[in-house]
Amino acid sequence: MATKIDKEACRTAYNLVRDDGSAVIWVTFKYDGSTIVPGEQGAEYQDFIQQCTDDVRLFAFVRFTTGDAMSKRSKFALITWIGENVSGLQRAKTGTDKTLVKEVVQNFAKEFVISDRRELEDDFIRNELKKAGGANYDAQTE
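Below: a short report on this structure. Just so you know, the residues in each chain are numbered from 1, in the order the chain's sequence is written. Under the rules for a predicted model, residues below a pLDDT of 70 receive no local features and side-chain atom pairs below 80 are neither given nor counted, while totals for whole chains, interfaces and linings still include all residues. As a rule here, side-chain values cover all heavy atoms of the structure and leave hydrogens and water aside.

Digging into the sheet that holds strand β1 (residues 4–5)
Phase 1 of the analysis: In this analysis, strands are considered paired if DSSP registers two or more bridges between them. Secondary structure elements are taken from DSSP: a helix is a run of H or I of four residues or more, a strand is a run of E of two residues or more, and numbering for both begins at the N terminus. Taken in spatial order, the 6 strands line up as β1-β3-β2-β4-β5-β6 in an open sheet, and their pairing is mixed. The strands lining the two open edges of the sheet, one partner per strand, are β1 and β6 (110–114).
Phase 2 of the analysis: Bridge count for strand β2 (residues 26–32) against strand β3 (residues 35–42) is 6 bridges, and the pairing is antiparallel. From the neighbouring strand, Lys 30 faces β3, where its bridge partner is Val 37.
Phase 3 of the analysis: Helix-sheet contacts for helix α4 (residues 122–132) involve β4 (57–67), β5 (72–82) and β6, and the interaxial angle to β6 is about 145°. It only takes one pair of heavy atoms within 4.5 Å for two residues to be counted as in contact. Fitted lines through C-alpha atoms give the axes, limited to the stretch in contact for helices. The angle between two N-to-C directions lies from 0 to 180 degrees.

Examining the side chain of Glu 128
Phase 1 of the analysis: Among the structural elements, Glu 128 can be located in helix α4.
Phase 2 of the analysis: Burial classes: relative accessible area under 20% of the type maximum marks a residue as buried, over 50% as exposed, and values in between as partly exposed (1.4 Å probe, protein chains only). Overall, Glu 128 belongs to the buried group, its relative accessible area being 16%.
Phase 3 of the analysis: For Glu 128, the contacting residues outside a window of four places in its chain are Lys 110 and Phe 112.

Things to note about the pattern of salt bridges
Phase 1 of the analysis: Just to be clear on terms, a salt bridge is a Lys or Arg side-chain nitrogen sitting within 4 Å of an Asp or Glu carboxyl oxygen. On inspection of all chains with the given rule, the structure shows 10 salt bridges.
Phase 2 of the analysis: As a salt-bridge pair, Asp 20 and Arg 63 come within 3.9 Å of each other at their nearest N and O atoms. Of this pair, Asp 20 sits in the loop between α1 (7–18) and β2 while Arg 63 sits in strand β4, and the two are 43 residues apart along the sequence.
Phase 3 of the analysis: In the salt-bridge network here, residues are joined through shared partners; they are Arg 57, Lys 93 and Asp 97.

Function cannot be read off these values alone, since they describe shape.
Here's what the structure looks like:
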């Protein structure tokens, strides 16, 4: 059966993360049968990491605050998590299903495909977003 996405519900969750006035900094998109729907959401990145277990595959849209001493800004990441125990067929489908998620999640600085929990660490993601952001004018930390 072809995978579908609940665009309206997913767009609502996506916009919640994009809203700087919202405390929600992450949302997951998970499978409900053959439909991708919004999953959990939260204000703490560590709570998101807890969603990423070895037997699930999910997509996440996450807001990180980056910048230097003079300027703070939001950067967004699209994370595809594929747990180690996910079957080969489901792994393959996740790649094609991501196109459905990208119809809703259109603005992000960097995309990640992760199956190793160490790559979910806050510092790793922030460092990659910093690299994707181009020039770094924060002389105080260099």
